[in-house]
Amino acid sequence: MSHPDTAADSELARLRWRCRRGMLELDLLLLPFVERGWAGLDPTAKEAFWRLLDLPDPTLLELLLGLAPPPDPLSDVVAAIRATAA
Amino acid sequence: MSGLERRRFDALVIGAGGAGLRAALSLARADAHVAVVSKVFPTRSHTVAAQGGINAALANVTADNWHWHMYDTVKGSDFLGDQDAIEYMCRAAAHLVVELEHAGIPFSRLPDGRIYQRPFGGQSQNFGGAQAARTCAAADRTGHALLHTLYQQNLRARTHFFDEYFAIDLLRDEQGYILGALVLEIETGELLVIEAKSTLIATGGAGQLFRTNTNAHINTGDGLAMVLRAGIPLEDMEFFQFHPTGIAGKGMLISEGVRGEGGYLVNGAGERFMERYAPKAHDLASRDVVSRAIYQEVAEGRGCGAQRDHVLLKLEHLGEEVIAKRLPGIREMVQTFLHVDPLHHPIPVYPTAHYTMGGIPTNRHGQVVVPLGAGEETIPGLYAIGECACVSVHGANRLGGNSLLDIVVFGRAAGNHIIEFLKEQRTHRPLPPESLERALERLQRWDRRGEGESVDGLRRALQETMERHCGVFRSEAVLLEGLSKVREIRDRLAHAILKDHSRIFNTARIEALELENLVELGIATLVSALGRTESRGAHSRIDYPERDDRHWLKHSLYYLEGERLEFKPVRLKPISVDTIPPAERVY
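Remember, predicted model here, so these are calculated numbers, not experimental data. Numbers given to residues run from 1 along each chain, matching the order in which its sequence is written. Just so you know, chain letters begin at A and ligand numbers begin at 1, following the order they were written in. Local features in this predicted model are restricted to residues whose pLDDT is 70 or higher, and side-chain atom pairs enter the listing and the counts only when it is 80 or higher, whereas totals over whole chains, interfaces and linings include all residues. The side-chain figures draw on all heavy atoms in the structure; neither hydrogens nor water molecules are used.

Visitor: Give a detailed account of unusual backbone geometry, specifying residues and quantitative values.
Guide: Residue and element names in this part refer to chain B. That bond from valine 391 to serine 392 is cis: its omega, -5°, falls within 30 degrees of zero. Helix numbering and strand numbering both begin at the N terminus, where a helix is a DSSP run of H or I of at least 4 residues and a strand a DSSP run of E of at least 2. Locating serine 392 in the fold gives a position in the loop between strand E18 (389–390) and helix H11 (402–424). Even without a glycine there, the phi angle at arginine 308 is positive, about 50°. Mapped onto the fold, arginine 308 is located in the loop between helix H8 (287–299) and strand E13 (311–314). For every residue, the accessible area (1.4 Å probe, protein chains only) is compared with the maximum for its type, and the residue is labelled buried under 20%, exposed over 50%, or partly exposed between those bounds. In this structure arginine 308 comes out as partly exposed when scored by relative accessible area, which is 47%. In the Ramachandran plot, phenylalanine 505 falls in the positive-phi region, its phi being about 45° despite a non-glycine side chain. Within the secondary structure layout, phenylalanine 505 lies in the loop between helix H14 (476–494) and helix H15 (507–531). Overall, the relative accessible area of 0% leaves phenylalanine 505 in the buried class.

Visitor: Tell me what's going on with the sheet that holds E13(B), and back it up with residues and numbers.
Guide: Residues and elements named next belong to chain B. Paired strands are those between which DSSP finds at least two bridges. Taken in spatial order, the four strands of this open sheet run E11-E14-E13-E12, and their pairing is antiparallel. The open sheet has two free edges, formed respectively by strand E11 (240–247) and strand E12 (264–266), since each of these has just one partner strand. For this sheet, the mean inter-axis angle between neighbouring strands, taken without regard to orientation, is 45°. With three bridges joining them, E12 and E13 adopt antiparallel strand pairing. Looking at E13, one finds that valine 266 is bridged to leucine 312. Along the sheet, helix H10 (residues 330–338) contacts E11 and strand E14 (347–356); its crossing angle with E14, the most-contacted strand, is approximately 105°. Helix axes are fitted only over the stretch in contact, all axes being lines through C-alpha atoms; the angle between N-to-C directions runs from 0 to 180 degrees. When checking whether two residues touch, look at their non-hydrogen atoms; a contact exists if any pair is within 4.5 Å.

Visitor: Tell me about helix H2 (residues 66–76) of chain B, residues and numbers included.
Guide: Residues and elements named next belong to chain B. The element H2 is extensively covered by neighbouring structure, given that nine of its eleven residues are classed as buried. Within H2, the full set of buried residues consists of Trp68, His69, Met70, Tyr71, Asp72, Thr73, Val74, Lys75 and Gly76. Next to the buried residues of H2 lie strand E3 (54–55), helix H3 (83–103), strand E4 (117–124), strand E5 (131–136) and H11. Aspartate 78 occupies a position one or two residues after H2 and carries a positive phi of about 55°.

Visitor: An account of the side chain of B:His243 is needed here, citing residue identities and associated values.
Guide: All names here are of chain B. Assignment of secondary structure puts histidine 243 in strand E11. A polar contact of 3.1 Å, which involves the side chain of histidine 243, links it to the backbone nitrogen of threonine 245. Excluding its chain neighbours within four sequence positions, the residues that come into contact with histidine 243 are Leu253, Ile254, Glu256, Arg259, Arg287, Ser291, Tyr350, Pro351, Thr352 and His354. What qualifies as a polar contact is a pair of N or O atoms within 3.5 Å, subject to a donor-acceptor requirement within protein and to the restriction that residues adjacent in sequence count only when both atoms come from side chains.

This is the structure:
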């Protein structure tokens with residue numbers, strides 16, 4: 001993150017800010033995932049992650065806590081985030 | 001500098017949580033030209049996390065009236081709350097909840113269709129009698145429903161939103177008028193001068209001061225620090241509420257609703273220890289009482305777990321159906337973060353920093369006030385509401401369900417007052433260049449390059465220091481050591497250097513600015529806590545264990561200049577009823 005002049009670094013910076021949410025629970029699920037899991041995602045999963053971030057906080061929390069089943073295109077990335085929760 | 005883009009509005013609202021949006025809505029509906037600046041998208045403000053509900057004496061489940069609600073709030077505040085503001089809030093509550101219902105908030109209902117009300121800690125009937133049920137909730141989404149509804153209404157009313165803009169500092173002239181703010185667009189790094197005839201701060205609390213806390217990462221008290229830098233004091237900063245039941249070691253809140261529905265606490269010996277601390281209210285005693293009880297059980301070696309560093313919250317006996325229906329999400333949250341099922345295992349809990357009772361001193365119209373002679377004067381053009389403000393309805397300790405009420409009551413009041421203010425203030429006052437210069441300097445300092453410490457570790461150091469030295473129980477020695485440590489952190493921060501000087505989404509720079517805000521608030525909290533040599537509400541001094549009404553029935557005011565304290569009296573006289581005199585606070 002020291003020289004975010006490349007497109008990838010700039011996307012990561014944008015992503016970090018969009019993972020700042022209104023609930024601590026989401027911060028604790030999303031921010032570590034961006035640091036640990038994001039780089040390993042394929043382009044489809046990255047796209048799904050961005051779509052996930054567009055959801056309202058309580059809906060996002062429901063998906064990430066396993067309270068509601070994620071729609072198909074999002075299920076892999078939801079599982080990946082849940083797997084990194086500590 | 002003259003090259004900076006400028007925009008002019010009648011009103012600038014900084015912060016887009018429930019308080020800011022409620023005020024903005026009143027303003028926009030009165031055809032004022034309103035700008036709302038928010039560092040995240042408005043619907044991601046921390047109001048979204050308010051699960052519990054909103055208090056109003058509707059009397060749908062138990063007998064109730066606003067005067068009992070007022071009594072409970074004054075008592076809960078440990079008699080430090082201003083009784084005129086508390087009366088105003090409790091009387092307005094029923095009307096505003098009905099207004100929210102009409103706006104489309106889907107409140108949970110009784111079989112006959114009326115709004116369901118749940119019992120919460122500190123609620124009583126008949127001035128300290130039997131438990132009342134006063135909290136209205138939209139399942140566990142009350143905050144979200146409120147925020148979402150207000151946001152939609154604001155869009156319809158044509159409020160102008162500046163999403164993902166960070167406020168650097170307030171702008172003012174030599175007469176003390178507040179004239180708007182310098183803000184930074186996070187995405188582009190561009191600066192914008194927003195000139196406004198009135199500025200309202202609604203930036204929320206500063207829970208990120210402490211390592212274990214319930215707050216979202218955005219809660220860095222930005223508005224409080226801006227006010228300090230503008231030469232205005234902060235009131236009652238020593239009062240920080242610790243919620244008794246955070247998930248141990250993580251901070252996330254286990255709602256008081258769990259105890260409202262019958263969950264209870266046990267210590268390492270399996271004892272229901274709250275019966276000793278609160279013979280009548282037990283596990284539903286007010287938050288500060290329960291937090292100190294947990295702290296004391298652990299401190300005296302009666303904690304649970306291998307480290308004996310927490311207690312347990314039991315809800316297994318409630319059964320799967322009650323938990324799923326009345327406490328949705330609790331089970332799954334515990335499973336996700338702790339990998340145990342609370343249907344079969346109790347939840348390890350410990351007090352977690354939750355709510356900033358202190359803040360920007362205001363009157364009940366939301367106007368920011370400072371001492372003048374024996375009385376007070378208002379800061380022209382400046383308002384503050386919600387958690388960043390100290391009106392003061394929560395005094396030394398806030399009751400559950402009173403914070404959502406606070407934001408809608410005083411959001412509306414401030415909006416209405418600004419509408420009147422704008423009738424007198426027809427034009428924009430000239431903005432002196434020096435004020436803008438000062439705000440710019442704050443930002444340009446982070447352009448320095450070269451050798452220096454990075455910012456990353458300093459936030460953690462601040463949070464750990466505050467937790468260790470300014471937590472549930474305090475003493476002079478512990479506070480003094482904390483103060484010297486935080487001053488050292490402030491010095492290190494002053495010499496810290498950013499590695500990243502890019503403009504686009506430079507989150508490292510935003511985090512550095514947030515940390516500067518937190519550090520000043522840490523010092524404000526420590527100095528205020530050192531000054532108050534008594535124990536009251538959330539402020540507990542081991543060396544001064546008793547409440548001392550003779551000397552301390554007064555509010556503290558912390559000034560950045562000289563890091564000094566002044567004091568002002570508590571407003572004991574309500575608007576229309578008799579004073580509720582200070583009495584021993586027993587639950």
